[in-house]
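Listed below are the residues making up each chain.
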Amino acid sequence: MNLPPKVTPRAFERLSEIGAADQGKALRVAVEGGGCSGFQYEIDLDEPKEDDLVLEGEGQKVVVDSVSLPFLTNAVIDFSEELIGARFVIDNPNATSACGCGTSFSM
């Protein structure tokens, strides 16, 4: 079954910590051509647009544009804090391989 991406509570908590909604911003997750594996994730703070899928939690928003949505079916958007750094991460079951950088993948 094709489901929209899911956002973890930890990702929404991080957006709250950085005050995204206070700035009128949402976390935009997009898929673009490029990267070392064919596709790459673009993750940044942006204003929601009319045709975006909006995922809401804890007063925060994550948005995905209609072109990127099919690439993110059943994906999980999370926030990870490790010794090497902290970042938003995507667990994408549609990706057949991924690069070590974590932002590039192929399908």
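Up top is the structure.
Note that the structure is a prediction, hence the values are computed from the model and not measured.

Analysis parameters
Residues numbered from 1 in each chain as written. Predicted model: local features only at pLDDT ≥ 70, side-chain atom pairs only at ≥ 80, totals over all residues. Heavy atoms only, no water. Salt bridge = Lys/Arg side-chain N within 4 Å of Asp/Glu carboxyl O. Buried < 20%, exposed > 50% of the residue type's maximum accessible area, 1.4 Å probe, protein only. Core = buried A, V, L, I, M, F, W, Y, C linked by side-chain atoms within 4.5 Å. Helix = DSSP H or I, 4+ residues; strand = E, 2+ residues; numbered from the N terminus. Contact = heavy atoms within 4.5 Å. Phe/Tyr/Trp six-rings, centres within 6.5 Å; stacked < 30°, edge-to-face > 60°. Pairing = 2+ DSSP bridges. Axes fitted to C-alpha atoms, helices over the stretch in contact; angles between N-to-C directions.

Engineer: Which residues make up the pattern of salt bridges, and what values go with them?
Structural biologist: Scanning the entire structure with this criterion turns up five salt bridges. Between Asp 46 and Lys 49 there is a salt bridge whose closest N-O contact spans 3.1 Å. With relative accessibility at 46%, the residue Lys 49 sits in the partly exposed group. Connected through shared salt-bridge partners, Arg 28, Asp 46, Lys 49 and Asp 52 make up one network.

Engineer: Any chance you could break down the nonpolar core for me, citing the residues and the numbers?
Structural biologist: Counting residues in each nonpolar core, the largest one holds 18 residues, and the members touching the most others are Val 29, Val 62 and Leu 72. Listed by contribution, the elements that provide at least two residues to this core are α1 (9–17), β2 (26–33), β5 (60–64), β6 (76–82) and β7 (85–91). Each residue touching Val 62, except ones within four places of it in the same chain, is listed here: Val 7, Phe 12, Leu 15, Leu 27, Val 29, Leu 53, Val 54, Leu 55 and Ile 77.

Engineer: Break down unusual backbone geometry for me, with residues and values.
Structural biologist: In this model, Glu 58 sits at a positive phi of 55°, which is unusual for a non-glycine residue. Among the secondary structure elements, Glu 58 is positioned in the loop between β4 (53–57) and β5. We classify Glu 58 as partly exposed; its relative accessible area is 48%. Positioned with a positive phi, Asn 74 is a non-glycine residue whose angle comes to about 65°. Inspection of the secondary structure assignment puts Asn 74 in the loop between β5 and β6. You can call Asn 74 partly exposed: its relative accessible area is 30%.

Engineer: Could you give an account of the packing of aromatic side chains, with specific residues and numbers?
Structural biologist: Taken as a whole and judged by the stated rule, the model has two aromatic pairs. Plain terms: the ring middles of Phe 39 and Phe 71 are 5.0 Å apart, the flat faces sit at 45° to each other, and that makes the pair tilted. Remark: Phe 71 occurs in the loop between β5 and β6 and Phe 39 occurs in strand β3 (residues 39–46); sequence separation between them is 32 residues. Considering the side-chain rings of Phe 79 and Phe 88, the 5.0 Å spacing of their centres and the 65° angle between planes classify their relative orientation as edge-to-face. For Phe 79, a relative accessible area of 6% gives the class buried.

Engineer: Break down the sheet that holds β7 for me, citing the residues and quoting the values.
Structural biologist: The three strands lie next to each other as β1-β6-β7, forming an open sheet whose pairing is mixed. Each edge of the open sheet is held by one strand with a lone partner, namely β1 (6–7) and β7. Relative to β6, α1 is tilted by about 70°, and along the sheet it contacts β1, β6 and β7.

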